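Read off the chains here:
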Amino acid sequence: MEIIVALVFVAAVLFGADRLMLLLESHGHVRWRRKGRRRLSEEPTARLDSMLSDHSRR
């Protein structure tokens, strides 16, 4: 009987975590199930030296 309670508890926690992630996805905080992963080959790239250089010289 204890194992059934443990399995139901695990299922409830996983279901709750999934619903929480979907809520966060709808607000734009994470990408979870509905939007899928980003394609890294399509993302813009930047060189390290251009990111570290100081562009705001006064």
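Figured I'd write up the structure that's included with this text.

Rules behind the numbers
All residue numbers refer to positions counted from 1 along the written sequence of the respective chain. Where local features are concerned, this predicted model is filtered to residues with pLDDT of at least 70; where side-chain atom pairs are given and counted, the filter is 80 or more; whole-chain, interface and lining totals use all residues. The side-chain values count all of the structure's non-hydrogen atoms but skip hydrogen atoms and water molecules. Numbering of helices and strands runs from the N terminus, with a helix taken as a DSSP run of H or I at least four residues long and a strand as a DSSP run of E at least two residues long. Exposure is judged per residue with a 1.4 Å probe applied to protein chains only, and the accessible area is read against the type maximum: over 50% gives exposed, under 20% gives buried, and values in between give partly exposed. All accessibility values rest on the Shrake-Rupley procedure with a 1.4 Å probe; residue burial counts only the protein chains present in the view. Grouping into patches uses exposed residues only, defined as over 30% relative accessible area, and leaves out salt-bridged ones; the cut-off is 9 Å for like charges and 5 Å for nonpolar side chains (Val, Leu, Ile, Met, Phe, Trp, Tyr). What counts as a salt bridge is simple: a side-chain nitrogen of Lys or Arg found within 4 Å of a carboxyl oxygen of Asp or Glu.

Looking at the overall build of the protein chain
- The secondary structure content of the protein chain amounts to two helices and zero strands.
- Counting across all 58 residues of the protein chain, residues that qualify as buried make up 5%.
- Looking at the protein chain as shown, the accessible area adds up to about 6,000 Å², and 60% of this sits on carbon and sulfur atoms.

Regarding a nonpolar patch on the surface
- Judged by side-chain polarity, M1, I3, I4, V5, L7 and V8 come together as a nonpolar surface patch covering roughly 680 Å² of accessible area.
- Examined against the element boundaries, V8 turns out to sit in helix α1 (residues 2-26).
- V8 gets classed as exposed once you look at its relative accessible area, which sits at 53%.

Fair warning: the whole summary comes from geometry, so function is off the table for now.
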